[in-house]
There are 2 protein chains.
Amino acid sequence: MSEKNIYADCLPGEVRALIREGKITCQTSGMCSGFAQANLCVLPKKYAYDFLLFTQRNPKSCPVLEVSDEGSRTLHSIARGADIATDIPKYRIWKNGVLDGEYTDVSSFWRDDLVSFLIGCSFSFEFELIAAGIDVRNISLGCNVPMYLTNIDTVPAGIFGGKMVVSMRPIPYDQIVRAVTVSGSMPRVHGTPIHIGDPSVIGIKDLSHPDFGDAVPVKEGEVPVFWCCGVTPQSVVMNSKPDFCITHSPGHMFITDVPNAMLKN
Amino acid sequence: MSEKNIYADCLPGEVRALIREGKITCQTSGMCSGFAQANLCVLPKKYAYDFLLFTQRNPKSCPVLEVSDEGSRTLHSIARGADIATDIPKYRIWKNGVLDGEYTDVSSFWRDDLVSFLIGCSFSFEFELIAAGIDVRNISLGCNVPMYLTNIDTVPAGIFGGKMVVSMRPIPYDQIVRAVTVSGSMPRVHGTPIHIGDPSVIGIKDLSHPDFGDAVPVKEGEVPVFWCCGVTPQSVVMNSKPDFCITHSPGHMFITDVPNAMLKN
């Protein structure tokens, strides 16, 4: 059992408090079993309309769970009492599309013009896949999910655009349909796969060298299945170069109070 | 057969051309069978972020199908070649939240700062309900669906907020579950009902006096079932008083090229 699973049965508010105190700085996969986790993208208000429109035009990549009010570090809906600037184990600061640093607390960078976008995460449907009897390789191996840049264009909006990032899970032939229907029941956490099978069709040359996360083996009789990924906004930020942006560090998510079951149709 | 059904088997582009030429000025219910129709809300760019955020926070009332680029009268996705300012049979112009007039063409009011929001319409799931063997009373009677202001608050965003508007269809007890699952398969056109049964629970005093549209009888053994309605933005505009707004006139919708089947999960 890896260290992070110590927190599997904790409530989100308890774990967020430990993160805020700096006692948890690792990845959040497997924490607060049954509760949704979220990707974060924080932008100055001048970019907020373009980015919100980008999420509307790319709902499978960027299913928005909540948008904060301008300048606010609190949320109304998905995590009461949470502080966006302290309750994620690891943040990334981006300047002009370039990664400027990683931090466990971004309070000192906060500004009155920042708007926070919380975006659904595939961790939610991974729980459902496992509950449906499907092995989720990255979880059974205790590593991060492999993520790849594709040749699929997102639909641009204002300054934002770029290629789609996907996550990959190997699925046995006889469980592919079930994997589609189970994940498809949760459109607010990426929903159905975007591609099934030959990686080269979507521009992925080598499954063993993911652009983010860790490689996992695809066994005999298994097919690589690809889902839209909440790291897409980071790829888009790198491409679109807003002067300032805060995101989570991949795998280090915001843990919400929303039960995964609430994200079903 | 009412006049409008002459156009049931026409393609969307054909009917939009007739509307543009002023040859169709009536309601669009039943036209272009199988293709989605859309509600329209056009606002100056200065309001666009607040309104887009309002739609994100109220997805069952305001499921956005497409947002135009600023100042553009054309769309990229749901209706190629269409002109937003001429292709709806009847528009409403609102000034400071007050209805200022109805027009069959709003070209002369167009401005370079206008952004158009096209929002899913219950006409799409009505086709599916009928296909599933459920009588849709307003269609079988050839009238407009009854719509009601409720006591349900929308989730506010910036200047926008107000009460939710719902549409009502009487459903026999033994078809209620099917009506929920059939409409629930189409979240981009309001999805599942918001309320089933006693109208007073959501603040509706008298079903025989709808706030918009036409009353329909609820027969013995039937239950009133309420869905979120795309007229909600008009109620919100009345409440929030932006200085300028263009909407469609209720029932006079924008006919898209999108097959209803494409709006399923």
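Every value quoted in this text rests on a predicted model; they were computed, and no experiment measured them. (Residues numbered from 1 in each chain as written. Chains lettered and ligands numbered in written order. Predicted model: local features only at pLDDT ≥ 70, side-chain atom pairs only at ≥ 80, totals over all residues. Heavy atoms only, no water.)

J.: I tried to follow the relation of the copies chain B and chain A on my own but got confused; where do I start?
T.: Relating one copy of the chain to the other takes a rotation about an axis and a shift parallel to that axis. Least-squares fitting of chain B to chain A yields an RMSD of 0.0 Å, with the superposition described by an axial translation of 0.0 Å and a rotation of 180 degrees. Taken together, these values place the two copies in the relation of a two-fold axis. For chain B, the residue whose C-alpha comes nearest the rotation axis is Y49 of chain B, separated from it by 2.5 Å. In this assembly the copies share their binding face: 100% of the residues contributing to the interface of chain B also contribute to that of chain A. (Least-squares fit on C-alpha atoms with pLDDT ≥ 70 in both. Contact = heavy atoms within 4.5 Å.)

J.: Which parts of the structure should I look at to understand the interface of chain B and chain A?
T.: Where the parts come together, the accessible area they lose is often given as the size of the interface. With 16 residues of chain B at the interface, the matching set in chain A holds 16 residues. Together, Y49, L52 and Q56 of chain B form the three largest contributors to the area buried by chain B at its contact with chain A, with a combined 46%. There are two salt bridges connecting chain B and chain A. Of the charged contacts in the structure, one is a salt bridge between R57 of chain A and D69 of chain B, with a shortest N-O distance of 3.3 Å. Between the two partners, chain B and chain A, sit six residue pairs in polar contact (both at pLDDT 80 or more). Within the residue set of the side of chain B that touches chain A, elements represented by two or more residues are α2 (45-57), β2 (64-67) and β5 (114-120) of chain B. Broken down by element, the side of chain B that touches chain A gets its largest block of residues, seven residues, from α2 of chain B. Residue composition of the side of chain B that touches chain A, grouped by class: nine nonpolar, three polar and four charged. (Buried area = accessible area lost by both parts, 1.4 Å probe. Salt bridge = Lys/Arg side-chain N within 4 Å of Asp/Glu carboxyl O. Polar contact = N/O pair within 3.5 Å; in protein donor to acceptor, adjacent residues only side chain to side chain. Helix = DSSP H or I, 4+ residues; strand = E, 2+ residues; numbered from the N terminus. Nonpolar A, V, L, I, M, F, W, Y, C, P; charged D, E, K, R; others polar.)

J.: Can you walk me through the sheet that holds strand β7 (residues 163-172) of chain A in this structure?
T.: Within a sheet, neighbouring strands are paired by backbone hydrogen bonds and run either parallel or antiparallel to one another. All names here are of chain A. Reading across the sheet, the four strands line up as β6-β7-β9-β8 and stay open at both edges, with antiparallel pairing between neighbours. Each having just a single partner strand, β6 (147-153) and β8 (195-196) make up the two edges of the open sheet. With seven bridges joining them, β7 and strand β9 (residues 222-228) adopt antiparallel strand pairing. Across the sheet, S167 pairs through a bridge with W227, a residue of β9. Strand contacts of helix α6 (residues 232-240): β6 and β7, with the helix running at about 150 degrees to β7, the strand carrying the most contacts. (Pairing = 2+ DSSP bridges. Axes fitted to C-alpha atoms, helices over the stretch in contact; angles between N-to-C directions.)

J.: What's the story with the domain arrangement of chain A in this structure? I'm lost.
T.: All names here are of chain A. When cut into domains, chain A gives domain 1 (3-121 + 241-263) and domain 2 (123-232). Each of domain 1 and domain 2 has a C-alpha centre, and the two are 21 Å apart. Listed by partner, the interface residues are 30 residues for domain 1 and 30 residues for domain 2. In total, about 2,600 Å² of surface goes out of reach between domain 1 and domain 2, with carbon and sulfur atoms giving 60% of it. Considering only the side of domain 1, the residues that lose the most area to domain 2 are K60, C121 and L263, jointly responsible for 25% of the buried surface there. One can count zero salt bridges joining domain 1 with domain 2. Where domain 1 packs against domain 2, one counts nine residue pairs in polar contact (both at pLDDT 80 or more). Of all the secondary structure elements, the ones that give two or more residues to the side of domain 1 that touches domain 2 are β1 (35-44), α2 (45-57) and β2 (64-67). The biggest single contributor to the side of domain 1 that touches domain 2 is α2, with six residues. (Domains from an automatic or database assignment.)

J.: Could you clarify how one ought to interpret the sheet that holds strand β8 (residues 195-196) of chain B in this entry?
T.: Residues and elements named next belong to chain B. Sheet architecture is open: four strands sit in the order β6-β7-β9-β8, paired in antiparallel fashion. Each edge of the open sheet is held by one strand with a lone partner, namely β6 (147-153) and β8. Pairing of β8 with strand β9 (residues 222-228), which is carried by two bridges, proceeds in the antiparallel orientation. Residue pairing in the sheet places H195 in a bridge with F226 of β9. Packed on one face of the sheet, helix α6 (residues 232-240) meets β6 and β7 (163-172) and runs near 150 degrees to β7.

J.: I'm lost on α6 of chain B in this one. Help?
T.: Note: α-helices contain 3.6 residues per turn, so residues at a spacing of three or four share the same orientation. Taken across its nine residues, α6 of chain B has seven buried, putting it largely inside the fold. Positive phi shows up at K241 of chain B, right after α6 of chain B, with a value of about 55 degrees. (Buried < 20%, exposed > 50% of the residue type's maximum accessible area, 1.4 Å probe, protein only.)

J.: Just to check I follow, could you spell out the pattern of salt bridges for this structure?
T.: Two side chains carrying opposite charge are able to pair once their charged atoms lie near each other. Residues and elements named next belong to chain A. Applying the stated criterion to the full structure yields 30 salt bridges over all chains. A salt bridge links R92 to E102, with the nearest nitrogen and oxygen atoms 2.9 Å apart. In this pair, R92 is assigned in strand β3 (residues 91-95) and E102 in strand β4 (residues 98-103), connecting sequence segments ten residues apart. Using a relative accessible area of 38% as the deciding quantity, one classes E102 as partly exposed. Bridged by salt links that share partners, the residues D135, R137 and E222 form one connected network.

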